[in-house]
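Commentary on secondary and tertiary structure
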Amino acid sequence: MTPVDATSTLSSEIPRTFAAPLAVSLQYPNPSAPVHAFAIPEFTITTCANSLSFTISGRSDLKNKRIIAVGRLTKQKGFDFLIEAAVLIREQLPDWHIDIFGSGEDKSDLQAQINSLNLEKFVKINPPTKNIQCELLKSSIYLMTSRWEGLPMILIEAKSCGLPCVSFDCPEGPADIIKHSEDGFLVELGDIKTLVRYVVELATDEKLLNRYSQSAIINSLEFSPTIIFPKWDSIL
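For the structure given in this document, a descriptive report is provided here. Here the structure is a predicted model, which means the values were calculated and not measured. (Residues numbered from 1 in each chain as written. Predicted model: local features only at pLDDT ≥ 70, side-chain atom pairs only at ≥ 80, totals over all residues. Heavy atoms only, no water.)

Below, the discussion takes up the overall build of the protein chain. A tally of helices and strands in the protein chain yields nine helices and six strands. Across the 236 residues that make up the protein chain, the buried fraction comes to 44%. Taking the contacts inside the protein chain whose residues are at least 6 apart along the sequence as the reference set, 69% of them involve residues at least 24 apart. Per element, the accessible surface of the protein chain, about 12500 Å² overall, is 53% carbon and sulfur. (Helix = DSSP H or I, 4+ residues; strand = E, 2+ residues; numbered from the N terminus. Buried < 20%, exposed > 50% of the residue type's maximum accessible area, 1.4 Å probe, protein only. Contact = heavy atoms within 4.5 Å. Areas by Shrake-Rupley, 256 points an atom, 1.4 Å probe, with all protein chains shown as cover.)

In structure tokens form, the structure reads like this:
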């Protein structure tokens, strides 16, 4: 079904089937397809975020010179961008390192990229962990280089642990979570030089890192269950 067909079908069929406002989600077979907005006559479409997935047990002390990234090792997550950025990050932050946590079909290609750039001692791909909060608490900056997202919960989790986040402003999600120049930075998709500049800025300015960390914790409360659950109740 094409986006036009989907819009036409939903617009004509939903009003005959439901008598109350309805939340609708469409997913096309190709996750990289552009998002198409449409209106359903006489219906209200409401968006509501998911809540933080774990109870906060502490905050990072920001002492470890570690940048962390988490996600499936696929094209969507853009770890090839991250590894490319790591070359420039290492030049300016040689005593830091990057840990990636995840698995996926691109692992061998990403590892080959790391090897070809002689980054084996600077970038490490780790298997997924069931206790990501522990790894976040042992890190100081969260880095996201995705080509597209939904609502990336890992950014909320990272902020709740006090990690300033630097992310591509990809569609969709990061801009709904990161407050630019307050608790992190948003960068135009593919702009590696600016991405690196913001990472280095945070890593080399302790006062800035701590200020953004505190803001990240405070702003992450917007996604706490006590805030999100009543919103869901009002919809359902």
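A word on the sheet that holds strand 1 (residues 66-70). One open sheet holds the six strands; their spatial order is 3-2-1-4-5-6, and the pairing between them is parallel. Of all the strands in the sheet, the pair left with one neighbour each is strand 3 (123-126) and strand 6 (184-187). For this sheet, the mean angle separating the axes of adjacent strands, direction not counted, is 20°. The pairing of strand 4 (residues 141-144) with strand 5 (residues 165-168) spans three bridges and is classified as parallel. In the sheet register, Leu 143 faces strand 5, and the bridge partner there is Val 166. (Pairing = 2+ DSSP bridges. Axes fitted to C-alpha atoms, helices over the stretch in contact; angles between N-to-C directions.)

Relative orientation of the contacting elements helix 2 (residues 79-92) and helix 3 (residues 107-116) amounts to 10°, with a least axis distance of 10 Å. With respect to each other, helix 2 and helix 3 are oriented roughly parallel. Facing Phe 79, Asp 80, Ile 83 and Glu 84 of helix 2, the residues of helix 3 in contact are Leu 110, Gln 113 and Ile 114. Within the contact of helix 2 with helix 3, the residues separate by chemical class into four nonpolar, one polar and two charged. (Parallel < 35°, antiparallel > 145°, perpendicular 65-115°, else oblique. Nonpolar A, V, L, I, M, F, W, Y, C, P; charged D, E, K, R; others polar.)

For the rest of this paragraph, the subject is the environment of Val 199. If you trace the backbone, Val 199 turns up in helix 7 (residues 192-204). Given a relative accessible area of 0%, Val 199 falls into the buried group. When sequence neighbours within four positions are dropped, the list of residues in contact with Val 199 reads Ile 67, Ile 89, Leu 93, Ile 141, Leu 143 and Val 166.

Take the nonpolar core next. Counting 55 residues, the largest nonpolar core has Ile 89, Ile 98, Ile 100, Leu 136, Ile 141, Tyr 142 and Val 166 as the members making the most contacts within it. Looking at which element gives the most residues to this core, the answer is helix 7, with eight residues. In contact with Ile 141, not counting residues within four places along its chain, are Arg 66, Ile 67, Ile 68, Trp 96, Leu 163, Pro 164, Val 166, Val 199, Leu 202, Ala 203 and Leu 209. (Core = buried A, V, L, I, M, F, W, Y, C linked by side-chain atoms within 4.5 Å.)

Let us look at unusual backbone geometry. In this model, Pro 171 is joined to Glu 172 through a cis peptide bond whose omega is -15°. Relative to the assigned elements, Glu 172 resides in the loop between strand 5 and helix 6 (174-177). Positive phi, close to 55°, is recorded for Asn 118, a residue that is not glycine. Locating Asn 118 in the fold gives a position in the loop between helix 3 and strand 3. By relative accessible area, Asn 118 is classed as exposed at 55%.

Spanning 13 residues, helix 7 covers 18 Å between terminal C-alpha atoms, matching the ideal 18 Å at 1.5 Å per step. Among the structural elements, strand 1, helix 2, strand 4, strand 5, strand 6 and helix 8 (206-220) are those in contact with the buried residues of helix 7. (Expected span 1.5 Å × (residues − 1).)

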